[in-house]
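Read off the chains here:
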Amino acid sequence: MPGIEGKVVAITGASSGIGAETALHLAGKGARLVLGARRRERLDEVVARITAQGGSAVGTTVDVTRREDLRHLTATALDRFGRLDVLVSNAGTMAVSPFDELRQDDWDAMVATHITGLLNGIAAALPVFRQQRSGHFVNVASTAAYVVKSPQAVYAATKTAVKVLTEGLRQESGPDLRVTLVSPGFTDTEGVGKGASPEVAAALSRQREEIAMPPSAVAAAIGYAIDQPEGVDVSEIVVRPTAQA
Ligand SMILES: NC(=O)c1ccc[n+]([C@@H]2O[C@H](COP(=O)([O-])OP(=O)(O)OC[C@H]3O[C@@H](n4cnc5c(N)ncnc54)[C@H](OP(=O)(O)O)[C@@H]3O)[C@@H](O)[C@H]2O)c1
């Protein structure tokens, strides 16, 4: 199925920010959406906006660190729409802090969300894609996967892992599947600095006001990759504000 129209797209972390914006962008182009996140009310608001605009979307509670939740996400796509064309693994947490603060719970959450969460999505969608002999993984990393800036080392390490896993997955995918890494730079979302140590959060908020690009820029990049003809794999997109060093 070429283009975006009619494709069934599952998105993790779709309750806000880049995930929600991507859902709205793709729905506007005729995709059918299966949306996952933990905050059910926020997810339902995104589903309601899409439905009010004449689009097609369903929401399901997903914590990407739980294998069964990802299996439920892909099963929902099959039950509701009969297929799954794209999985956008976007769920993420930016609770960054200096090492000396020893915020081990935040470190664990970044590892679990970005690495285990991505692997859970791959395990849930790959058998479906193999059976269909088509499918597209879109994995959201970060410019932090290219440049490490203190105090973001743990975040950068997990996003680098997303980059590495995506390239390995692409190499093993064969001719039927597509695999895309999308790495955004500073983007104006509520997640910037959320859960970070107070000084870091304040600095990130200031930077967000000064240089961040809208999440629609990332949504359009994801849409571009999905929109390509079958057999064309956009392997990597880095999209950042011009003002970002
Ligand atoms: N904003 C930026 O500057 C920027 C730059 C580069 C990369 N990114 C990446 O872009 C992605 C989206 O972030 P954002 O900026 O749009 O921030 P956001 O608005 O905070 O979005 C993060 C999303 O991830 C979900 N999420 C977090 N942990 C989850 C979990 N365990 N299971 C399921 N969903 C989970 C959140 O939903 P719930 O809380 O409802 O579960 C939310 O929908 C992240 O991977 C982030 O690292 C962002």
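Residues numbered from 1 in each chain as written. Predicted model: local features only at pLDDT ≥ 70, side-chain atom pairs only at ≥ 80, totals over all residues. Heavy atoms only, no water.

**Digging into unusual backbone geometry**
Put simply, Ser150 and Pro151 share a cis peptide bond, and its omega is 5°. Relative to the elements of secondary structure, Pro151 occurs in the loop between β5 (135-140) and α5 (153-173). Notably, Leu102 is not glycine yet its phi reads approximately 50°, a positive angle. Here Leu102 is to be found in the loop between β4 (86-89) and α4 (104-132). Under the relative-accessibility criterion, Leu102 is labelled exposed at 59%. (Helix = DSSP H or I, 4+ residues; strand = E, 2+ residues; numbered from the N terminus. Buried < 20%, exposed > 50% of the residue type's maximum accessible area, 1.4 Å probe, protein only.)

**What to know about the packing of α4 against α5**
With their axes 9 Å apart at the nearest point, α4 and α5 run at an angle of 15° to one another. The angle between α4 and α5 places the two elements in the roughly parallel class. At the point where α4 passes α5, the crossing takes the right-handed sense. Taking contact as the criterion, the partners of Trp107, Met110, Val111, His114, Ile115, Leu118, Leu119, Ile122 and Arg130 in α4 are, on α5, Val154, Tyr155, Thr158, Lys159, Ala161, Val162, Leu165, Leu169, Glu172 and Ser173. (Axes fitted to C-alpha atoms, helices over the stretch in contact; angles between N-to-C directions. Parallel < 35°, antiparallel > 145°, perpendicular 65-115°, else oblique. Left-handed = near helix turned anticlockwise from the far one by under 90°. Contact = heavy atoms within 4.5 Å.)

**Description of the environment of Leu35**
As for its placement among the helices and strands, Leu35 is situated in strand β2 (residues 32-37). Not counting residues up to four positions away in its chain, the partners in contact with Leu35 are Ile11, Ala14, Ala23, Leu43, Val46, Val47, Ile50, Val58, Gly59, Thr60 and Leu73.

**Considerations on the side chain of Thr76**
Topologically, Thr76 is positioned in helix α3 (residues 67-81). In this structure the side chain of Thr76 is engaged in a polar contact, spanning 2.7 Å, whose partner is the backbone oxygen of His72. When near neighbours in sequence (up to four residues on either side) are disregarded, Thr76 contacts Val34, Val58, Thr60 and Phe81. (Polar contact = N/O pair within 3.5 Å; in protein donor to acceptor, adjacent residues only side chain to side chain.)

**Let's talk about the sheet that holds strand β1 (residues 8-12)**
Strand order in the open sheet formed by seven strands is β3-β2-β1-β4-β5-β6-β7, and the pairing between neighbours is parallel. The open sheet is flanked by β3 (56-61) and β7 (236-239), the only strands paired with a single partner. Ignoring strand direction, the axes of neighbouring strands in this sheet form an average angle of 15°. Where β2 meets β3, six bridges bridge the pair, whose relative direction is parallel. (Pairing = 2+ DSSP bridges.)

**Looking at the packing of helix α1 (residues 17-28) against helix α7 (residues 215-227)**
As a packed pair, α1 and α7 sit with axes 8 Å apart at the nearest point and diverge in direction by 55°. Looking at the two axes, α1 sits oblique to α7. With respect to the hand of their crossing, α1 and α7 are arranged in right-handed fashion. Within the contact between the two elements, α1 uses Gly17, Ile18, Glu21, Thr22, His25 and Leu26 and α7 uses Pro215, Ser216, Val218, Ala219, Ala220, Ile222, Gly223 and Ile226. Split into classes, the residues belonging to the contact of α1 with α7 amount to eight nonpolar, five polar and one charged. (Nonpolar A, V, L, I, M, F, W, Y, C, P; charged D, E, K, R; others polar.)

**Notes on the nonpolar core**
A general feature of soluble globular proteins is that nonpolar side chains tend to end up buried together. Ile11, Leu33, Leu35 and Ile50 are the most contacted members of the largest nonpolar core, which totals 33 residues. Of all the secondary-structure elements, those providing two or more residues to this core are β1, α1, β2, α2 (40-52), β4, β5, α7 and β7. With six residues, α1 is the single largest residue contributor to this core. Setting aside chain neighbours within four positions, we find Leu33 in contact with Val9, Ile11, Ala23, Leu26, Ala27, Ile50, Ser56, Ala57, Val58 and Phe81. (Core = buried A, V, L, I, M, F, W, Y, C linked by side-chain atoms within 4.5 Å.)

**Description of the site of the ligand**
Around the ligand, a shell composed of 30 residues is seen, among which Ser15, Ile18, Arg38, Tyr155 and Thr189 lie nearest. One nitrogen or oxygen atom from the main chain of Gly13 is found 3.0 Å from an oxygen atom belonging to the ligand. Separating an oxygen atom of the ligand from a side-chain N or O atom of Ser16 is a distance of 2.8 Å. Protein burial of the ligand: of its 880 Å² of free accessible surface, 95% is covered by the chains. For the shell around the ligand, the secondary structure elements donating two or more residues are α1 and α5. Of the residues belonging to the shell around the ligand, the class tally is 13 nonpolar, 12 polar and five charged. (Near = heavy atom within 4 Å. Areas by Shrake-Rupley, 256 points an atom, 1.4 Å probe, with all protein chains shown as cover.)

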